[in-house]
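Notes for the structure review
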Amino acid sequence: MANLTIDAVKEMTFDAIVIGSGISGGWAAKELTGKGLRTLVLERGRDVKHVVDYPTANLNPWEFEHRGQVPLEIRKQNPIESQKRGLFNEATMHFVVKDGEQPYIEDKPFNWTRGYHVGGKSLLWARQTQRWSDFDFEGPARDGFAVDWPIRYKDLAPWYSYVEKFAGISGNKDGLPHLPDGEFLPATEMSCVDAYFKDQIAKHYQDRQMIQGRCAHLTQPKEVHYQQGRAKCQHRALCVRGCPFGGYFSSNASTLPWAAKTGKMTLRPHSVVHSIIYDDKKGRATGVRVVDANTKEMLEYYAKIIFVNASALNTNLILLNSTSSRFENGLGNDSGVLGKYVAFHNYRARISAQFESLMDKTTDGKTPNHSYIPRFRNVHKQETDFLRGYAAGFGGGRGMIKNKEGIGATLKEQLLNPVLGPWNVSSWMMGETIPKESNFVTLDKTLKDPYGIPQMRFSVAFDDNDEKMIQDYLEQFTEMFTKAGFTNIKPVDSKSAPGSDIHEMGGVRMGKDPKTSILNKWNQMHACKNVFVTDGACMTSTATQNPSLTYMAFTARAADFAVKEMKKGNI
Amino acid sequence: MKRRVALKNLALSFGGLMALPTWAENWSEQSLVAVQAYLTPDQEALLAEITETILPTTDTPGAKDLKIHLFVHKMISDCYEPEVQANVVKGLETAEQLAKQTYAKTFATCDTKQREEILTTMEISIDPNWASFYKLVKDLTLQGYLTSEYYLTNHTNYKMIPGHFYGCVPAPTPQAQLQK
Ligand SMILES: Cc1cc2nc3c(=O)[nH]c(=O)nc-3n(C[C@H](O)[C@H](O)[C@H](O)COP(=O)(O)OP(=O)(O)OC[C@H]3O[C@@H](n4cnc5c(N)ncnc54)[C@H](O)[C@@H]3O)c2cc1C
Ligand code: SF4
């Protein structure tokens, strides 16, 4: 009997456990297995195998029974998701989290966008990837919001290079101090209207630039990408269905198969992590509790180190739910800041317009990318009445205009002879929100989800700083669009709730001082040295860059540190 | 056509992707079974005449050739509330009644001009049910047409894999567009 138990424990024991298989978890899996660790990757959702499980990837528009629309029955069963933007359609609804899968409580409205399957949101993201600079890492210290970051750009720069080379990032070397260049594959092409607007900005402003977006697409694959089984991006721009070519970076196409090749990875889908087990006597985390999603059975797995990569807010949930007599308020939460200082990017404002020049030019084909205007507010000094700033996306193109008036043969003639319309252009803001104690998540004391895990309560909202920033964006871009000669300019504040902005961060922030932060400069818990958090939960502040590249760099860096520390016997 | 065959082969080599979506395990099979078709064969035949009136066969295929009425029927069956479905049934009856009252003929035996007049009467009617019936049927007919394999492959430069993006090419002149 005694032997049996030992064998059973052995079977449940690994060198490392990674919670979550999305963008950051994929990197943790790749790095840890690559360094020889037997690694268990726990994923709450189903498996999604590269290519095989992209059922709509190659369907033509006419092959969708309802041409993209979601049938009424399915909408009725998922009233919340069906009101959300974009992803809930016939081509991608199989990657959307169903209503009821994980209910949560909105003390303040929050549109929580999730991807629960192997690969997480790496299948669904828009693939924009920019580095941070010291203007971002030094921001809190300079402006006095949040706490000082425990690292600077130089600490992360080599790791940015490391992950960029493997993931494949396209872009131009733009030489901007506040948006450092990376290891780029050739950039994708700008359209004429983008190039025109870029010139107009350069002509009218000293402090602003527009560049081609930096994106995780293989414009010219290198050997390391072919080794991953990935091929050149074909410009289908159907990426959210999953890309059969591996043209864009996803965990499914890149990091997870790489980790699997080492023979060291055990991937366990349908495994909802409930909490991390802390052993008071040993003074360390010893493993995790998992609810099997199919059987609802509670299981335990053990390991020497644990990487938490469940995506920012789920990582908060897991840690808040990991209580013990040593950590009554959540694992590592001596400071009491766990779950607090949640921040995100403000995507509320956008602006569209038309351009009636360059009418002899158009575009041909499709692009999965767009242009990018790096932050220009408060970069070198505080110059506005709001803190920090915003970046912006920009894109333009021409469409065919079909006259749908009338009936019969005339109507048909009109449809068969569309005319090329004017250029349509649009821009959208990506503003930095300031991490505040009053923006937080907690766990409900009684309400549980279908797995018996407490429901999360959201108390996250915009503030005055965000409102001022929205105004400024709309004013500045109206001015920039006017100077460029665009017409029919339409500024819009969508008033969408937080969460719609898809870049939530914080709650488990890094910092120098264990009294005010949870993680040290290696993404390691101050108070529980064998637990590492390297997804968006670790972020001390949010900057304006799309965040995922930074999570990748943090993960690779922390994995390297963790394994070295393990070898030294420190953890 | 060759290109499509190549594409299918490519897709197959990628692991049988052309199989219709099963929505994996994430969505229950049951929820995906289409709701019962709710029009009788006669009603469906009338719907076919109406879609054909909106987009008739000329020197190119029309709605009936492209079976657009089946698409319209399916959409209304699967994607719309019972109230909307009921209004479609009523709208079909109305079209038939108008044909009888005005021309003493069935809708199907009216000539093109008469049919167009009946539908236009409904389109601009102050009865919101008539107007919304016609708007829905017309919108779905156009949607079915503009996303059909025929339209996309013959009248646009639709390609699943263009393999390129050129940001700045000469725009076709209006004349060139007309000749296309
Ligand atoms: C439409 C859209 C567009 C975006 N565009 C961009 C962009 O252009 N650039 C950019 O940088 N970012 C973008 N993002 C954000 C990006 O997707 C996320 O920042 C990134 O995926 C976060 O990585 P992650 O590893 O933290 O979480 P995810 O990739 O979400 O992975 C988390 C994984 O953990 C699993 N999990 C959660 N809870 C548990 C649990 N209890 N037990 C076990 N497993 C669990 C989930 O199922 C999931 O697979 C976009 C997001 C969306 C939705
Ligand atoms: S644009 Fe590129 S990455 Fe996206 S689906 Fe097409 S080939 Fe794949």
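Counting starts from 1 at the beginning of each chain's written sequence and moves along it residue by residue. Ligands are numbered from 1 and chains lettered from A, in the order in which they are written. Owing to the predicted nature of the model, reporting of local features is limited to residues with pLDDT of at least 70; listing and counting of side-chain atom pairs is limited to 80 or more, with chain, interface and lining totals taken over all residues. Computation of side-chain values: all heavy atoms of the structure, hydrogens and water removed.

Here's the deal with the UniProt feature "domain: Glucose-methanol-choline oxidoreductase C-terminal" (unreviewed entry) in chain A
Under the feature "domain: Glucose-methanol-choline oxidoreductase C-terminal" (unreviewed entry), the UniProt entry names residues 435-554 of chain A. The helix count covers DSSP runs of H or I at least four residues long, the strand count covers runs of E at least two residues long, and both are numbered beginning at the N terminus. Taken end to end, residues 435-554 of chain A comprises 22% helix and 23% strand; its first and last C-alpha atoms sit 19 Å apart. UniProt positions are given in the numbering used here, feature names are shortened, and annotations may be inferred rather than shown by experiment.

A look at the interface of chain A and chain B
Every contact between the two is made by 69 residues of chain A and, on the other side, 70 residues of chain B. Summed over both partners, the accessible surface that disappears when two parts come together, traced with a 1.4 Å probe, is what is meant by buried area. Carbon and sulfur atoms make up 62% of the surface buried where chain A meets chain B, a total of about 6,100 Å² over both sides. By convention in these notes, a salt bridge is any Lys or Arg side-chain nitrogen within 4 Å of a carboxyl oxygen on Asp or Glu. Between B:Lys74 and A:Glu65 there is a salt bridge; the shortest N-O distance is 3.1 Å. Any pair of N or O atoms that falls within 3.5 Å is considered a polar contact. Within protein, one atom must be able to donate a hydrogen and the other to accept it, and sequence-neighbouring residues count only if both atoms are side-chain atoms. Our count for the chain A to chain B interface comes out at 23 residue pairs in polar contact (both at pLDDT 80 or more). Sorting the residues of the side of chain A that touches chain B by element identifies helix 3 (72-77), strand 14 (361-365), strand 16 (390-401), helix 12 (408-416) and strand 17 (419-432) of chain A as the ones contributing at least two each. Looking at the side of chain A that touches chain B residue by residue, the classes come out as 30 nonpolar, 19 polar and 20 charged. Note on pairing: two strands pair once DSSP finds at least 2 bridges between them. With four bridges joining them, strand 14 of chain A and strand 1 (residues 165-170) of chain B adopt antiparallel strand pairing. By the bridge assignment for strand 1 of chain B, A:Gly365 is matched with B:Phe165. Whether two residues are in contact is decided by their heavy atoms, any of which lying within 4.5 Å being enough. Each residue is assigned to one class: nonpolar for Ala, Val, Leu, Ile, Met, Phe, Trp, Tyr, Cys and Pro, charged for Asp, Glu, Lys and Arg, and polar for all the others, Gly among them.

Describing the sheet that holds strand 3 (residues 105-106) of chain A
Residue and element names in this part refer to chain A. Here three strands make up an open sheet; going across it, the order is 3-19-18 and the pairing mixed. Two strands close off the open sheet at either side, each with one partner strand: strand 3 and strand 18 (440-448). One ladder, built from five bridges, connects strand 18 with strand 19 (residues 454-459); its direction is antiparallel. For Lys448, the partnering residue across the bridge sits in strand 19 and is Pro454. Axes here mean lines fitted to C-alpha atoms, for a helix over just the part in contact, with angles spanning 0 to 180 degrees between N-to-C directions. Here helix 11 (residues 312-320) sits on the sheet in contact with strand 18 and strand 19, set at roughly 60° to strand 18.

Looking at the environment of A:Val224
All names here are of chain A. With respect to the helices and strands, Val224 occurs in helix 9 (residues 223-227). Measuring from C-alpha to C-alpha, the distance between Val224 and Gly263 comes to 19 Å, with 39 residues separating the pair along the chain. Once you skip the residues sitting within four places of it in the chain, Val224 turns out to touch Lys165, Phe166 and Trp258.

So, the site of ligand 2
In the vicinity of ligand 2 there are 13 residues, among which A:Cys233, A:Gln234, A:Arg236, A:Cys239 and A:Cys243 approach most closely. Residue classes in the shell around ligand 2 are distributed as eight nonpolar, four polar and one charged. A cutoff of 4 Å decides nearness: a residue is near a molecule or strand if any of its heavy atoms lies inside that distance of it.

A word on the packing of aromatic side chains
Centres within 6.5 Å are what make two rings of Phe, Tyr or Trp a pair, Trp counting through its six-membered ring; a difference in plane orientation under 30 degrees is then read as stacked, over 60 as edge-to-face, and the rest as tilted. Per the counting criterion, the structure on display carries 37 aromatic pairs over all chains. A ring pair is formed by A:Tyr390 and A:Tyr473, whose centres lie 5.5 Å apart and whose planes are at 85°; its orientation type is edge-to-face. You can see A:Tyr390 sitting in strand 16 and its partner A:Tyr473 sitting in helix 13 (residues 464-483), a full 83 residues away along the chain. Taking 4.4 Å as the distance between ring centres and 0° as the angle between the ring planes, the aromatic pair formed by A:Trp522 and A:Phe561 counts as stacked. Highlighted residues: A:Trp522 in the loop between strand 21 (505-507) and strand 22 (531-533) and A:Phe561 in helix 14 (residues 548-567), separated in sequence by 39 residues. The exposure class assigned to A:Trp522 is partly exposed, which follows from its relative accessible area of 27%. In this scheme, a residue with accessible area under 20% of its type's maximum is buried, one over 50% is exposed, and one in between is partly exposed, where area comes from a 1.4 Å probe on protein chains only. Since its relative accessible area comes to 13%, A:Phe561 is described here as buried. An aromatic cluster is built from A:Tyr196, A:Phe197, A:Phe355, A:Phe376, A:Tyr390, A:Phe394, A:Tyr473, A:Phe477, A:Phe481 and A:Phe486, whose rings are joined through pairwise contacts. Directly above the ring of B:Phe71 sits A:Arg67, whose terminal nitrogen or CZ lies 4.5 Å from the centroid. To sit over a ring, a charge needs its Lys NZ or Arg CZ within 6 Å of the ring centre and within 35 degrees of the ring normal.

Some details on the layout of surface pockets
Buriedness of a pocket was judged along seven lines, with at least five required to meet protein on both sides within 12 Å; pockets are open sets of points on a 1 Å grid over the protein atoms alone, cavities are sets where a 1.4 Å probe fits but cannot get out, and lining residues have an atom within 4 Å of a point. Grid points are joined across faces, edges and corners, and a volume is the space filled by probe spheres set on the points. When its volume is computed, the second largest pocket comes out at roughly 1,000 Å³. Lining the second largest pocket are 33 residues, and of these A:Gly365, A:Met400, B:Thr156, B:Asn157 and B:Tyr158 lie nearest its centre. Looking at the lining of the second largest pocket, the elements with two or more residues in it are strand 14 and strand 16 of chain A together with helix 7 (149-155), strand 1 and helix 8 (174-179) of chain B. In the lining of the second largest pocket, the residues fall into 16 nonpolar, 10 polar and seven charged.

Focus: the site of ligand 1
Residue and element names in this part refer to chain A. Around ligand 1 sit 36 residues in total, of which Ser24, Glu43, Lys121, Ala126 and Val273 are the nearest. Between a nitrogen atom of ligand 1 and a main-chain N or O atom of Arg44, the distance comes to 3.1 Å. Taking Gly120, its main chain carries an N or O atom lying 3.4 Å from an oxygen atom of ligand 1. In isolation ligand 1 exposes 990 Å². Once the protein is present, 95% of that is buried. Taken together, the elements giving at least two residues each to the shell around ligand 1 come down to helix 2 (23-34), strand 8 (271-279), helix 11 and helix 14. In the shell around ligand 1, the residues fall into 13 nonpolar, 18 polar and five charged. Here the open area of atoms and residues is found with the Shrake-Rupley method and a 1.4 Å probe, where only the protein chains shown may cover a residue.

A few points about the side chain of A:Asp466
All names here are of chain A. Among the secondary structure elements, Asp466 is positioned in helix 13. At 2.8 Å, the side chain of Asp466 and the backbone nitrogen of Asp463 are in polar contact. Contacts of Asp466, omitting those with residues within four sequence positions, involve Asn346, Glu432, Thr433 and Ala461.

Here's the deal with helix 7 (residues 153-167) of chain A
All names here are of chain A. Each residue after the first adds 1.5 Å to the expected span of a helix. Taking 1.5 Å as the rise per residue, helix 7 with 15 residues should run 21 Å; its terminal C-alpha atoms sit 20 Å apart, in good agreement. Turning to helix 7, its buried residues are Tyr153, Leu156, Ala157, Trp159, Tyr160, Ser161, Val163, Glu164, Phe166 and Ala167. Following helix 7 by one or two positions, Gly168 adopts a phi angle in the positive range, close to 85°.

Concerning the state of the cysteines
In this description, a disulfide is simply a cysteine sulfur pair whose atoms lie within 2.5 Å. All told, the structure shown has one disulfide over all chains when counted by the stated rule. A sulfur-sulfur distance of 2.1 Å marks the disulfide that ties A:Cys192 to B:Cys168. Torsion about the S-S bond of the A:Cys192 and B:Cys168 cystine: about 115°, corresponding to right-handed handedness. In this pair, A:Cys192 sits in helix 8 (residues 192-204) while B:Cys168 sits in strand 1, so the two residues belong to two different chains. Its relative accessible area of 6% is what places A:Cys192 among the buried residues. Here A:Cys538 stays free of any disulfide, with the sulfur of A:Cys528 as its closest cysteine sulfur at 17 Å.

A few points about the packing of helix 2 (residues 41-54) of chain B against helix 4 (residues 82-103) of chain B
Residues and elements named next belong to chain B. At their nearest, the axes of helix 2 and helix 4 sit 10 Å apart, and the two run at 70° to each other. By the angle between their directions, the pair helix 2 and helix 4 is classed as roughly perpendicular. When the axes of helix 2 and helix 4 are compared, the crossing they make is left-handed. Residues Gln43, Leu46, Leu47 and Ile50 of helix 2 form the contact with helix 4, whose participating residues are Val89, Leu92, Ala95 and Glu96. Each angle gets one of four labels, with under 35 degrees taken as roughly parallel, over 145 as roughly antiparallel, 65 to 115 as roughly perpendicular, and the rest as oblique. Take the far helix as the reference: if the near one is turned anticlockwise from it by less than a right angle, the crossing is left-handed, and if turned clockwise, right-handed.

Some points on the nonpolar core
Across soluble globular proteins, nonpolar side chains show a tendency to be buried alongside one another. The criterion is simple. A nonpolar core is a set of buried Ala, Val, Leu, Ile, Met, Phe, Trp, Tyr and Cys residues joined through side-chain atoms within 4.5 Å. Ranked by size, the top nonpolar core spans 95 residues in total, and within it A:Ile19, A:Ile276 and A:Val288 carry the most contacts. Ranked by residues supplied to this core, first place goes to helix 7 of chain A with eight residues. Grouped together as the second largest cluster of nonpolar side chains are 44 residues, B:Ala99, B:Val137, B:Leu146 and B:Tyr158 included.

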